[in-house]
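# Tertiary structure, described
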Amino acid sequence: MSEVRIKVGPKTYPIACGPGEEEQVAKLGGLIDEYYAKLGTARAPLEAHNLVFAALFMADELTEARKAAGDVRAEIAELRQEMQRASDDAANELRKAEARVDQQKEKSGGKKAELREEIETLRKAEARARKDNESLKAELAEATKSARHQHDMFGGPAEDAALSEALAEKLEALAKRAETTASELEGQATSH
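Residues numbered from 1 in each chain as written. Predicted model: local features only at pLDDT ≥ 70, side-chain atom pairs only at ≥ 80, totals over all residues. Heavy atoms only, no water.

### Considerations on the overall build of the chain
To be explicit about the condition: Under the scheme used here, helices are H or I runs from DSSP no shorter than 4 residues and strands are E runs no shorter than 2 residues, and both carry numbers assigned from the N terminus. Burial classification: accessible surface area is computed with a 1.4 Å probe over protein chains only, and a residue below 20% of its type maximum counts as buried, one above 50% as exposed, and the rest as partly exposed. All accessible areas in this document rest on Shrake-Rupley with a 1.4 Å probe, and a residue is counted as covered only by the protein chains that are shown.
Counting its regular elements, the chain contains 4 helices and 2 strands. Scored against the burial criterion, the 192 residues of the chain give a buried share of 27%. Within the structure as shown, the chain displays about 12800 Å² of accessible surface, and the carbon and sulfur contribution to it stands at 53%.

If you want it as structure tokens, here you go:
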């Protein structure tokens, strides 16, 4: 066992920890000291009360951070559903277009080359949509990882707002991509 001495307010405390944990324990002790300092001149006569007040400050911010993380998880789940719907819509449109192409092949032998070109265009559109979906999945994974491994779990409202804004931008970009893909598919389908 190792021992780290942490200073909280006017006192220093010896804390036992496992080998290799000294730096983390020292950082956490510094964090407690920061919250203790927030008491300012409103300190209680008993040191235990001051430590409890510092812990209450920390618990309050931890509760807010957990709530914000829950909100981010909910937004990520919605974004995943949107991505799945967009992917399903693109696949359905491709199947419909391929069915139309097959019908056209049966009706007109002279349009084979044109219909093959339409299929190829639709396949390329689907490939772009899949690539966009993969890119968005990677961004979601990164956002999820970031939400899970938040180094500063007591981040303030500015960080929460930035994360929410980034998620909103990603969701808007996904919606625009889905609309563009759907418009391309509809435009190609109606031209034949």
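So much for the structure itself; the text now carries on.
### Side note on helix H1 (residues 22–37)
Let me state the cut-off plainly: To estimate the expected span of a helix, count its residues, drop one, and scale the result by 1.5 Å. Taken from the helix axis, the directions to the C-beta atoms give the arc we talk about. The criterion used for residue contact is that any of the two residues' heavy atoms lie within 4.5 Å.
In this model, H1 (16 residues) spans 22 Å end to end at C-alpha, consistent with the 22 Å of a helix rising 1.5 Å per residue. Of the residues making up H1, those classed as buried are Val25, Gly29, Leu31, Tyr35 and Tyr36. Along H1, the residues classed as buried sweep out an arc of 155° about the axis, all on the same side. Within H1, the exposed residues directed more than 90 degrees away from the buried face are Glu23, Lys27 and Glu34. Packed against the buried residues of H1 are strand S1 (2–8), strand S2 (11–17) and helix H2 (47–107).

### Some thoughts on the side chain of Thr181
Filter applied, for reference: Counting of polar contacts relies on pairs of N or O atoms within 3.5 Å, with two restrictions inside protein: one atom must be capable of donating a hydrogen and the other of accepting it, and residues adjacent in sequence are counted only when both atoms are side-chain atoms.
Within the secondary structure layout, Thr181 lies in helix H4 (residues 157–190). The class for Thr181 is buried, based on a relative accessible area of 12%. A polar contact is formed between the side chain of Thr181 and the backbone oxygen of Arg177, at a distance of 2.9 Å. Once residues lying within four places of it in the same chain are set aside, the contact partners of Thr181 are Ala90, Ala125 and Ala129.

### Section: the pattern of salt bridges
Note the threshold: The working definition used for a salt bridge is a side-chain nitrogen of Lys or Arg within 4 Å of a carboxyl oxygen of Asp or Glu.
Applying the stated criterion to the full structure yields 8 salt bridges. For Lys27, the salt bridge goes to Glu23, with nearest N and O atoms at 3.5 Å. Linking Lys27 with Glu23, this pair stays in helix H1, spanning 4 residues, or about one helical turn. Judged by its relative accessible area of 56%, Glu23 is exposed. Note that Arg123 and Glu98 form a salt bridge whose closest N and O atoms lie 3.7 Å from each other. Linking Arg123 in helix H3 (residues 112–148) with Glu98 in helix H2, this pair joins segments that are 25 residues apart in sequence.

### Re the nonpolar core
Formally: To qualify as a nonpolar core, a set must consist of buried Ala, Val, Leu, Ile, Met, Phe, Trp, Tyr and Cys residues joined through side-chain atoms within 4.5 Å.
Val4, Ile6, Val8, Cys17, Val25, Leu31, Tyr35, Tyr36, Leu39, Ala54 and Met58 form the largest nonpolar core, which has 11 residues in total. Of all the elements in the fold, those that place two or more residues in this core are S1, H1 and H2. Per-element accounting of this core gives the leading share, 4 residues, to H1. Core analysis: the next-biggest nonpolar cluster, separate from the first, contains 9 residues, Leu140, Ala143, Leu167 and Leu174 among them.

### A few points about the pairing of S2
As a reminder of what qualifies: Any two strands with at least two DSSP-identified bridges between them are counted as paired.
Bridging between S1 and S2 involves 7 bridges; their strand directions are antiparallel. Opposite Glu3, over in S2, you have Ala16 as the bridge partner. If you look at the hairpin formed by S1 and S2, you'll find 2 residues sitting between the two strands, and Gly9 has a positive phi there, around 65°.

### Brief notes about the environment of Lys105
In this structure, Lys105 sits in helix H2. You can call Lys105 partly exposed: its relative accessible area is 33%. For the pair Lys105 and Arg116, spaced 11 residues apart in sequence, the C-alpha to C-alpha distance is 9.5 Å.

### Observations regarding the environment of Glu34
Mapping Glu34 onto the fold places it in helix H1. Considering only alpha carbons, one finds Glu34 and Gly9, 25 residues apart in sequence, at a separation of 8.7 Å.

### Describing the confidence of the model for the chain
Selection rule: pLDDT measures the predictor's confidence residue by residue and takes values from 0 up to 100.
Predicted confidence across the chain gives a mean pLDDT of 81, with 84% of residues reaching 70 or more. Element-level pLDDT for the chain is lowest in H4, with a mean of 74, against a maximum mean of 93 in S2.

### Side note on the side chain of Ser2
Its location among the elements puts Ser2 in strand S1. One polar contact links Ser2 to Glu22, side chain to side chain, over a distance of 2.6 Å.

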